[in-house]
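Structural description and commentary
Below are the chains, spelled out letter by letter.
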Amino acid sequence: MPTIHAFGVPAAGKPLAPLTIERREPGPHDVVIEILYCGVCHSDIHQARDEWGGGIFPMVPGHEIVGRVVRVGSAVSKFTAGNLVGVGCLVDSCRTCAPCKAGLEQFCENGWSGTYNGTEMDRKTPTYGGYSTQIVVDEAFTLRVPDGLDPAGAAPLLCAGITTYSPLRQMGCKAGDRVGVVGLGGLGHMAVKLAVAMGAEVTVLSTSRAKEADARRLGAHHFALTTGDGAFEKLRGKLDMIVDTVSAPHDYNAYLGLLRARGAMTLVGAPPSAMPVSPFALIMGGRRLVGSLIGGLPETQEMLDHCAKHGIVSDIEVIKIQQINEAYERVLKSDVRYRFVIDVASLRG
Ligand code: NAP
Ligand code: ZN
Ligand code: ZN
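What you see is a predicted model; the values in this text were computed from it and never measured. (Residues numbered from 1 in each chain as written. Chains lettered and ligands numbered in written order. Predicted model: local features only at pLDDT ≥ 70, side-chain atom pairs only at ≥ 80, totals over all residues. Heavy atoms only, no water.)

With that out of the way, let us pick up the domain arrangement of the protein chain. Domain annotation for the protein chain reports domain 1 (3-159 + 295-348) and domain 2 (163-291). Each of domain 1 and domain 2 has a C-alpha centre, and the two are 27 Å apart. With 20 residues of domain 1 at the contact, the number on the domain 2 side is 21 residues. Across the domain 1 to domain 2 interface the summed buried area is about 1800 Å²; carbon plus sulfur atoms make up 56%. (Domains from an automatic or database assignment. Contact = heavy atoms within 4.5 Å. Buried area = accessible area lost by both parts, 1.4 Å probe.)

Here it is in structure tokens:
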């Protein structure tokens, strides 16, 4: 089996360090991808520090992967060597249950294979993510990166992009809708760009006054500082839908109060601890609180094509892999505009 250079976490909470991993020899349906860029998602940090529990170590994070196909298995029909491709949070699923058949692989009833911190469908072989030079993935879980998308800026679309595109679509976002985006980070800034492209009137709700100018540059129409200014009174009942991307505990009830009657708030941010929801925050106004998990393969391809059509990529700061521990600290301080992307050439050096 080929030995691959990677960066990973030897044990929960330890700093990331160089290590080597093995990738399988490609089977008939596999594509071998030389990784060019990998985005740094806040979920990488939650998992590297085992904040969600059950982490598998050593762990090589990274599920916002863009790379070039270098070889394909004999039965591969969708890709050839040289294609620019993406891999997101999933690398396999059972493919036979109802959600899988409906293209909702993220809800596979038999347990999907995460790109890292999981196992292949044999339930034994650990999966390793995109902080590495090469990955081998079944063509069914490989996405086409359309021409015209900058490969580094496209990497975060594979998680931050689909995770915000999917709830906007599920909530029926359309021109003129008043959309609130809570938290202007990696996910939040994509939610703003995507909702603006759908014609929505977008309000950013942020704890950081310093992000107001960025919010407007990204296309948001309004900005509300949630740590003062009476934002919750001013915006009461004014939003049709909210995408909540916040990674830390916060008061869901306060945000629910911003929805009009029958409005919906989708949680995509995944703070590690439980937070109380008052029944009255939902009952009054018949408001809805739902969750959303990334997106299935067909919707992820649809999102990439939509981004190519509208010229949408992530705002990124490209780093070398050797800067990853410092990058994690900066994400935790909300000091990134708005996604770190690893230039994987730094691992080959
Ligand atoms: P990120 O870049 O760190 O952005 C999170 C934002 O939340 C920050 O920029 C900040 O925005 C806000 N925030 C942080 N701490 C806060 C606090 N204590 N109170 C209020 N607001 C706070 O992270 P990300 O990569 O976008 O990921 C966000 C969350 O989504 C993470 O929990 C991640 O695990 C989760 N996630 C979920 C899915 C899914 O499928 N559901 C997929 C990917 C990621 P302001 O400075 O504007 O307040
Ligand atoms: Zn992610
Ligand atoms: Zn399934």
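Here we take up the coordination of the zinc ion (ligand 3). Looking at the metal site, the zinc ion (ligand 3) is ligated by Cys94 (SG), Cys97 (SG), Cys100 (SG) and Cys108 (SG), spaced 2.3 to 2.4 Å from it. Of note is the zinc ion (ligand 3), whose 4 donor atoms meet at the metal with angles of 103 to 120° in an arrangement that counts as tetrahedral. For the zinc ion (ligand 3), the donor residues sit on a single chain with the sequence spacing C-x2-C-x2-C-x7-C. Here Cys97 matches Cys100 in class, with each residue buried. (Donors = N, O, S within 2.8 Å, 3.2 Å for Na, K, Ca; no water. Tetrahedral: all angles 85-135°; square planar, octahedral: opposite > 155°, others 65-115°. Buried < 20%, exposed > 50% of the residue type's maximum accessible area, 1.4 Å probe, protein only.)

As enumerated under the stated definition, the model contains 1 aromatic pair in all. With a centroid separation of 5.1 Å and an interplanar angle of 80°, the aromatic rings of Phe232 and Tyr255 are classed as edge-to-face. In this pair, Phe232 is assigned in helix α7 (residues 231-234) and Tyr255 in helix α8 (residues 252-256), connecting sequence segments 23 residues apart. (Phe/Tyr/Trp six-rings, centres within 6.5 Å; stacked < 30°, edge-to-face > 60°. Helix = DSSP H or I, 4+ residues; strand = E, 2+ residues; numbered from the N terminus.)

We now examine the site of ligand 1. Neighbouring residues of ligand 1: 29 residues in total, closest Ser206, Thr207, Ser208, Lys211 and Arg339. Taking 920 Å² as the accessible area of ligand 1 by itself, protein coverage stands at 88%. If you list the elements that add at least two residues to the shell around ligand 1, you get α1 (42-48) and α5 (186-197). Looking at the shell around ligand 1, the element that brings in the most residues is α1, giving 3 residues. Three or more residues apiece are contributed to the shell around ligand 1 by two domains, here domain 1 (3-159 + 295-348) and domain 2 (163-291). (Near = heavy atom within 4 Å. Areas by Shrake-Rupley, 256 points an atom, 1.4 Å probe, with all protein chains shown as cover.)

On the surface, Leu104, Phe107 and Leu293 cluster together into a nonpolar patch covering about 240 Å² of accessible area. Along the chain, the position of Leu293 falls in the loop between β15 (288-291) and α10 (297-310). Of the residues examined, Leu293 reaches a relative accessible area of 36% and is grouped as partly exposed. (Patch = residues over 30% accessible without salt bridge, like charges linked within 9 Å, V, L, I, M, F, W, Y side chains within 5 Å. Salt bridge = Lys/Arg side-chain N within 4 Å of Asp/Glu carboxyl O.)

As a further point, take the coordination of the zinc ion (ligand 2). Of the protein atoms, only Cys41 (SG), His63 (NE2) and Cys159 (SG) coordinate the zinc ion (ligand 2), at distances of 2.0 to 2.3 Å. Along the chain, the residues donating to the zinc ion (ligand 2) are arranged with the sequence spacing C-x21-H-x95-C. Taken together, the residues Cys41 in the loop between β3 (30-39) and α1 and Cys159 in the loop between α3 (151-154) and α4 (160-170) connect sequence positions 118 residues apart.

Moving on: the sheet that holds strand β12 (residues 222-225). Reading across the sheet, the 6 strands line up as β12-β11-β10-β13-β14-β15 and stay open at both edges, with parallel pairing between neighbours. Two strands bound the open sheet, and with one partner strand each, they are β12 and β15. When strand polarity is set aside, the average angle formed by the axes of neighbouring strands in this sheet is 20°. For strand β14 (residues 259-267) and β15, the ladder comprises 4 bridges, and the chain directions are parallel. Bridging from a neighbouring strand, Met265 pairs with Leu289 of β15. (Pairing = 2+ DSSP bridges. Axes fitted to C-alpha atoms, helices over the stretch in contact; angles between N-to-C directions.)

Counting across every chain of the model gives 1 cavity of 30 Å³ or more. In this structure, the largest cavity spans a volume of roughly 80 Å³. In terms of lining residues, the largest cavity is bounded by Val87, Gly88, Cys89, Leu90, Phe141, Leu143, Leu158, Ile162, Ile294, Gly295, Leu297 and Thr300. For the lining of the largest cavity, the class distribution of residues is 9 nonpolar, 3 polar and no charged. (1 Å grid on protein atoms, 1.4 Å probe; cavity = no way out; pocket = protein on both sides within 12 Å on 5 of 7 lines; lining within 4 Å. Points joined across faces, edges and corners; volume = space filled by probe spheres on them. Nonpolar A, V, L, I, M, F, W, Y, C, P; charged D, E, K, R; others polar.)

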